[in-house]
Amino acid sequence: MSDSQPQQPSPPPRGGRGDGGGYGPARGAAGGSAAGAEVATLLLVGARLTDGRTVDIRLRGGRIQAVGAPGSLPVPAPSRVDLSGYLLLPAPAEPHAHGDTAMTADGEGPVSYTADEVQRRATESALLQLGHGATALRSHVRIGEAHGLGPLEAVLQARRSLRGLADLTTVAVPRLLTGAAGADGRAMLRDAVKMGASVIGGCPDLDPDPAGYLDTVLELAGEQGCPVDLHTDGDDPARLTRLAAMAGGLRPGVTIGPCGGLSRLPLDVASRAADELAAAGVGVTCLPQGDCAALERRGLRTAPVRLLRSAGVRVAAGSGALRDAANPVGRGDPLEAAYLLASQGGLRPAEAYEAVSATAREVMGLPEVRVEAGFPAELLAVRGDRIAGVLSLAYSRIVIHRGRVVARTSAVREYCDSAVAVALDLPRQGRTEPGP
């Protein structure tokens, strides 16, 4: 098979405010230039694709340069990664993280919001999710009240320290925005955008005037040219209708979630709301692994994913809480989110993975990724040969960001000597040399 012909990927968002992040030179985590790493050539050898082909893939300059038959793309041996036994996929993205509150479930006493602590938590949680495969993350950060803009500043610092490893962007989440009590929140939201928040967020359900909250957020987003990503339970159809009517003309786009309340509405009401969201181009990010602390718990039901998809709504899946008060055992693993959509949400495995990869990237304003020449080299290799098996047993993983390996997880499963296992020639992943 000859090299695949280059194709034109979707352009990154304009204006510099999207989550997309360019694919030019970046600064490394230690402050050094990562440009040299990005122009280096890397060859992925023997990767299996979802269509069943086994191929070699050459990466250069942060993009997929060529895809060819095994052995057809020579590169010096030090620049090779053997992916025999791995399924190669577009990397997942995390559209709904909370880096400021992550990793706090086991702490004693009140949660600390000092700059150092928030930066540490945001960095640690982002690296944990990177290890799972998410090379791009959108972190919702609370602003206002006692801590002001401090947590946002700390997460933005984490973003800078992670450059070259993962793309981390922030959503400013004010508590109140309406009336006299919301004046500080409105001013702080504008300051957050000036500081570097890429997306305007919030929780209209928790404001005394939810409709007014929506008006304020969408008006400011229109002024600033920012995307909108709102927390809502989605249990008020009138409010969803208003949101859809107002969001229809807003670019670069509106996303809401987790929308578990849609599952509690009568079917005809939920269907009508889904049609309105689809017509307005509003995306939905569900949280199959549990809720998040930004909303009061009203039940842990996931949004009606099949109903939304059948209406034409873009449905992404995020992780939500990661080891905080809302979910003390949260894993932040996009493949677990996809597994739950396949095992409980009624989606086929490929559709479930799409929710944490292609659709997640789309609602975040990121360029499309395909395992084809010309597309960004944002890739995840998982030991296995098909998506269903990968979602079931996603142990060993190799994560590629901007054309270089940035994380590896290796799992070894061994059994004691067993005549039955030998006789049946059961699959076994383990060392070839004798153990200690």
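Everything quoted here is computed from the prediction, not taken from an experiment.

What counts, and where the lines are drawn
Residues numbered from 1 in each chain as written. Predicted model: local features only at pLDDT ≥ 70, side-chain atom pairs only at ≥ 80, totals over all residues. Heavy atoms only, no water. Core = buried A, V, L, I, M, F, W, Y, C linked by side-chain atoms within 4.5 Å. Buried < 20%, exposed > 50% of the residue type's maximum accessible area, 1.4 Å probe, protein only. Contact = heavy atoms within 4.5 Å. pLDDT = per-residue confidence, 0-100. Helix = DSSP H or I, 4+ residues; strand = E, 2+ residues; numbered from the N terminus. Polar contact = N/O pair within 3.5 Å; in protein donor to acceptor, adjacent residues only side chain to side chain. Salt bridge = Lys/Arg side-chain N within 4 Å of Asp/Glu carboxyl O. Pairing = 2+ DSSP bridges. Axes fitted to C-alpha atoms, helices over the stretch in contact; angles between N-to-C directions. Phe/Tyr/Trp six-rings, centres within 6.5 Å; stacked < 30°, edge-to-face > 60°. Lys NZ or Arg CZ within 6 Å of the ring centre and 35° of its normal. Right-handed = clockwise from strand over helix to strand, strands pointing away.

Asks: I tried to follow the nonpolar core on my own but got confused; where do I start?
Replies: Soluble, globular proteins show a tendency: their nonpolar side chains are buried together. In terms of nonpolar packing, the biggest core is built from 78 residues, with Val254 and Ile256 touching the most fellow members. When residues no more than four places from it in sequence are discounted, the contact partners of isoleucine 256 are Leu230, Thr232, Leu240, Leu243, Leu277, Val282, Gly283, Val284 and Thr285. Ile57, Val67, Ala377 and Ile400 belong to the second largest nonpolar core, which has 19 residues in total.

Asks: Looking at this structure, how should I read the confidence of the model for the protein?
Replies: Reading fine detail from the predicted coordinates is not recommended where pLDDT is low. Scored by pLDDT, the protein has a mean of 87; 85% of the residues are at 70 or more. Every residue in residues 20-38 is under pLDDT 50, and counting partners more than four places away or in other chains gives 45 contacts. The low-confidence segment residues 430-436 (pLDDT under 50) makes five contacts with residues lying over four places distant or belonging to another chain.

Asks: Quick question: what am I supposed to make of the side chain of serine 139 here?
Replies: Tracing the sequence through the fold places serine 139 in strand E7 (residues 136-143). A polar contact is formed between the side chain of serine 139 and the backbone nitrogen of glycine 99, at a distance of 2.9 Å.

Asks: I tried to follow the pattern of salt bridges on my own but got confused; where do I start?
Replies: Working definition: two side chains of opposite charge can pair if their charged atoms are close together. Here the structure, examined in full by the defined rule, presents 18 salt bridges. Between arginine 120 and glutamate 117 there is a salt bridge, and its shortest N-O distance comes to 3.0 Å. Taken together, the positions of arginine 120 and glutamate 117, both in helix H2 (residues 115-132) and three residues apart, correspond to about one turn of that helix. Overall, glutamate 117 belongs to the partly exposed group, its relative accessible area being 28%.

Asks: Would you explain the sheet that holds strand E13 (residues 315-317) in this entry?
Replies: Sheet strands pair by backbone hydrogen bonding; their relative direction is either parallel or antiparallel. Taken in spatial order, the eight strands of this open sheet run E6-E7-E8-E9-E10-E11-E12-E13, and their pairing is parallel. Because the sheet does not close on itself, it has two edges, and the strands there are strand E6 (94-97) and E13. On average, each strand axis in the sheet is inclined to that of its neighbour by 25°, with strand direction left out of account. Note: strand E9 (residues 199-202) against strand E10 (residues 228-232), three bridges, orientation parallel. Within E10, the residue paired with isoleucine 200 across the bridge is valine 228.

Asks: How should I be thinking about the packing of aromatic side chains in this particular structure?
Replies: The geometry of an aromatic ring pair is captured by two quantities: the separation of the ring centres and the angle between the planes. Inspection of the entire model under this criterion finds zero aromatic pairs. One residue, arginine 121, lies across the ring of tyrosine 113, its end atom 5.3 Å from the ring centre.

Asks: I'm lost on the side chain of threonine 123 in this one. Help?
Replies: Looking at the element boundaries, threonine 123 is found in helix H2. Here glutamine 119 takes part through its backbone oxygen, which lies 2.8 Å from a polar atom of the side chain of threonine 123.

Asks: Before we go on, may I ask you to explain the pairing of strand E8 (residues 167-174) in this structure?
Replies: Of all eight residues in E8, eight are buried, a share of seventy percent or more. Of the two faces of E8, both are covered, the one formed by Asp167, Thr169, Val171 and Val173 as well as the one formed by Leu168, Thr170, Ala172 and Pro174. Taken together, the eight bridges between E7 and E8 define a ladder with parallel strand orientation. Bridge assignment links alanine 136 to a residue of E8, and that residue is aspartate 167.

Asks: Would you take a moment to explain the environment of leucine 44 for this structure?
Replies: The topology assignment puts leucine 44 in strand E1 (residues 41-48). The residues contacting leucine 44, other than those within four sequence positions of it, are Val55, Asp56, Ile57, Leu59, Val81, Leu83, Leu88, Leu379 and Ile400.

Asks: Is there a simple way to think about the pairing of E7 in this case?
Replies: Across a regular strand the side chains alternate sides, sitting on one face of the sheet and then on the other. Counting buried positions along E7 yields seven of eight residues, so the element is predominantly enclosed. Bridge analysis of E6 against E7 gives two bridges, and the strand direction is parallel. When the bridges of E7 are listed, alanine 97 appears paired with serine 139. Between the parallel pair E6 and E7, the chain is carried across by H2, and the sense of this crossover is right-handed. Running through helix H3 (residues 150-161), the crossover from E7 to the neighbouring parallel element E8 is right-handed.

Asks: Explanation requested: unusual backbone geometry in the structure shown.
Replies: Peptide bonds are mostly trans, and most non-glycine residues show a negative phi. Each neighbour pair has its own omega, and for glycine 257 with proline 258 the value is 0°, a cis peptide bond. Even without being a glycine, arginine 323 presents a positive backbone phi close to 55°. Considering the arrangement of structural elements, one finds arginine 323 in the loop between E13 and helix H9 (334-343). We classify arginine 323 as partly exposed; its relative accessible area is 36%. Even without glycine at this site, arginine 402 takes up a positive phi of about 55°. Topologically, arginine 402 is positioned in the loop between strand E15 (397-401) and strand E16 (404-409). Judged by relative accessible area, arginine 402 falls into the buried class, the value being 3%.

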